[in-house]
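Structure at a glance
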Amino acid sequence: MDKKIKILFMIDRKYPTDHVFLEEVYAKILSKQKFEITWLMKSKKRIEKRKKAWWHGNKVIVIPSRGNGLTEYLYQIIDLLKLKTIVSKEKFDIIQVRNDPIMGLIANYFSKKNSAKFVVQLSHLKAEETINFAKKGFYGNKIKNLLVGTIEKFLRQQMLKRADLIFPISQEMKIYFKDLNIKKPMIPLQLCVIKKVKVEMKKIELIKKRYNLKNSTVFIYLGTLSRSRELEKMIQAFSIVHNNKQKTKMIIVGEGKEPNDLEFLKKIVKKLNLEDSIMFTNRVQREEVPNYIEASDIGLSPVPFNNVFKRSSITKLGEYLNQNLPVIATNFPEQTKIMKESEAGFCVNYTIKELSSAMNKMLTLSKKERKIMGDKGKIYIQKYRNANVFANKVID
């Protein structure tokens with residue numbers, strides 16, 4: 001039997017994470033093949049010292065989550081450096097990090113000391129998003145956000161320059177890093193979908209009853225309610241459609257970056273007199289999400305075309321398609337490509353006029369026509385975005 005390749009995977013998620021890609025590709029597939037993976041995650045609950053745990057049969061080193069702001073970073077650096085002896089003893093072949101540049105630079109230090117390969121996986125341009133918050137006046141002090149974003153971008157650049165291999169989340173992110181003079185090998189790893197989705201008919205009926213969805217065509221938005229998503233446009237577009245077609249409803253599943261995000265959207269809904277037609281569920285557990293999708297008829301994936309999102313990979317689109325839902329999406333490279341190739345719905349520019357027009361167009365279709373769209377979407381997403389596709393990319 002061939003010796004397994006040992007990976008220390010340091011991720012910016014709290015234990016136990018419910019991240020689909022990490023769970024399906026790494027924990028369930030790769031760890032059963034030629035890799036032995038040890039995870040490093042922060043604790044969800046307050047703990048005083050690190051502990052050992054297990055996740056899908058993989059070892060996990062759980063480090064404390066403590067402090068706020070600058071002190072949180074300082075504690076994290078101290079806790080990570082304390083792992084030096086453990087890392088040396090385990091003799092890892094690869095030390096991989098996800099997103100966090102401070103983790104990344106320490107991972108690079110460990111890799112040099114132990115002659116291991118250093119791999120970086122990037123799922124989001126967090127630094128650029130923080131700078132955008134500063135420009136728009138979102139989420140706290142403008143100067144602080146601008147400073148934090150600029151420092152994060154600098155640290156990320158240093159991390160990427162030291163990597164042996166980079167996994168950006170999209171082809172557009174790869175191009176962006178090349179433009180930033182990153183000359184290391186890069187293989188895009190987009191978000192994936194699971195093969196079998198579990199739904200429970202009793203829970204679906206309860207959702208329909210709770211939100212009074214029966215006898216209505218239901219639009220669903222799944223994801224963050226962050227102000228940067230400009231969801232007020234989606235709500236205003238729906239109001240135009242709803243005024244013409246009363247038997248329409250919308251459920252918005254997710255939470256904001258801050259509580260004020262939800263309140264901001266609720267005020268718009270109230271102003272438009274749509275409180276009986278647009279329902280907010282707040283955050284739901286990952287295993288419950290398929291039931292909400294199943295209770296709906298049309299998926300919405302509106303994403304602003306800006307310097308952050310145009311280089312991203314959107315989870316909600318894959319989840320809708322994976323459950324046979326026809327979709328209205330907005331144009332940015334990845335969504336435009338998927339919607340064009342799958343023929344699973346309509347892709348438009350992110351304006352109130354174009355969104356409302358697409359909603360009206362979708363409502364003119366029969367249930368049979370929408371089902372054909374949804375079926376095409378599922379076939380496409382299962383073929384090109386299943387976990388095995390990306391596991392094979394990593395192995396290769």
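It should be noted that the structure appears before, not after, this text.
Below: a short report on this structure. Bear in mind the structure is a predicted one, so any value in this text is a computation, not a measurement.

A short note on the overall build of the protein chain
Summing up its helical and strand segments, the protein chain has 16 helices and 13 strands in all. Computed over its C-alpha atoms, the radius of gyration of the protein chain comes to 22 Å, within 12% of the 21 Å expected for a compact globule of 396 residues. In terms of overall dimensions, the protein chain has C-alpha extents of about 65 × 55 × 40 Å along its principal axes. Taking all 396 residues of the protein chain together, 54% fall into the buried category. The long-range fraction of contacts in the protein chain, counting pairs at least 24 apart against all pairs at least 6 apart in sequence, stands at 70%. Accessible surface, the protein chain: about 19700 Å² in total, of which carbon and sulfur atoms supply 52%. For the protein chain, the distance from the average site of its 77 positive side-chain charges to the average site of its 40 negative ones is 3 Å.

Overview of the sheet that holds strand S13 (residues 345–348)
Consider a sheet: its strands pair through backbone hydrogen bonds, and that pairing is either parallel or antiparallel. Strand order in the open sheet formed by 6 strands is S10-S9-S8-S11-S12-S13, and the pairing between neighbours is parallel. Every interior strand has two partners, whereas the edge strands, strand S10 (278–282) and S13, have only one. Strand-to-strand, the axes of this sheet are offset by a mean angle of 20°, without reference to chain direction. Bridge count between strand S12 (residues 327–330) and S13: 4 bridges; the pairing is parallel. For Thr330, the partnering residue across the bridge sits in S13 and is Val348.

What about the side chain of Arg385?
Among the structural elements, Arg385 can be located in the loop between helix H15 (367–384) and helix H16 (387–395). There is a polar contact of 3.2 Å between the side chain of Arg385 and the side chain of Glu334. Discounting chain neighbours no more than four positions away, the residues touching Arg385 are Gln190, Leu191, Cys192, Val193, Ser313, Glu334, Ile338, Tyr380 and Phe390.

Concerning the pattern of salt bridges
This structure, assessed with the given rule, holds 21 salt bridges. Of the charged contacts in the structure, one is a salt bridge between Asp18 and Arg13, with a shortest N-O distance of 3.3 Å. According to the relative accessible area criterion, Asp18 is partly exposed, its value standing at 27%. Ionic pairing is found between Lys28 and Glu24, a salt bridge with its closest N-O pair at 3.2 Å.

Regarding the packing of helix H9 (residues 231–244) against helix H10 (residues 259–271)
Look at H9 against H10: their axes get within 10 Å of each other, and the N-to-C directions meet at 20°. As far as their axial angle goes, H10 and H9 are roughly parallel. Pair H9 / H10 crosses with right-handed handedness. The segment H9 lies against H10, with Leu231, Glu232 and Ile235 engaging Phe264, Leu265, Ile268 and Val269.

Procedures and definitions
Residues numbered from 1 in each chain as written. Predicted model: local features only at pLDDT ≥ 70, side-chain atom pairs only at ≥ 80, totals over all residues. Heavy atoms only, no water. Helix = DSSP H or I, 4+ residues; strand = E, 2+ residues; numbered from the N terminus. Rg over C-alpha atoms; globule rule 2.2 N^0.38 Å. Buried < 20%, exposed > 50% of the residue type's maximum accessible area, 1.4 Å probe, protein only. Contact = heavy atoms within 4.5 Å. Areas by Shrake-Rupley, 256 points an atom, 1.4 Å probe, with all protein chains shown as cover. Lys, Arg positive; Asp, Glu negative; His and termini not counted. Charge placed at Lys NZ, Arg CZ, Asp CG, Glu CD. Pairing = 2+ DSSP bridges. Axes fitted to C-alpha atoms, helices over the stretch in contact; angles between N-to-C directions. Polar contact = N/O pair within 3.5 Å; in protein donor to acceptor, adjacent residues only side chain to side chain. Salt bridge = Lys/Arg side-chain N within 4 Å of Asp/Glu carboxyl O. Parallel < 35°, antiparallel > 145°, perpendicular 65-115°, else oblique. Left-handed = near helix turned anticlockwise from the far one by under 90°.

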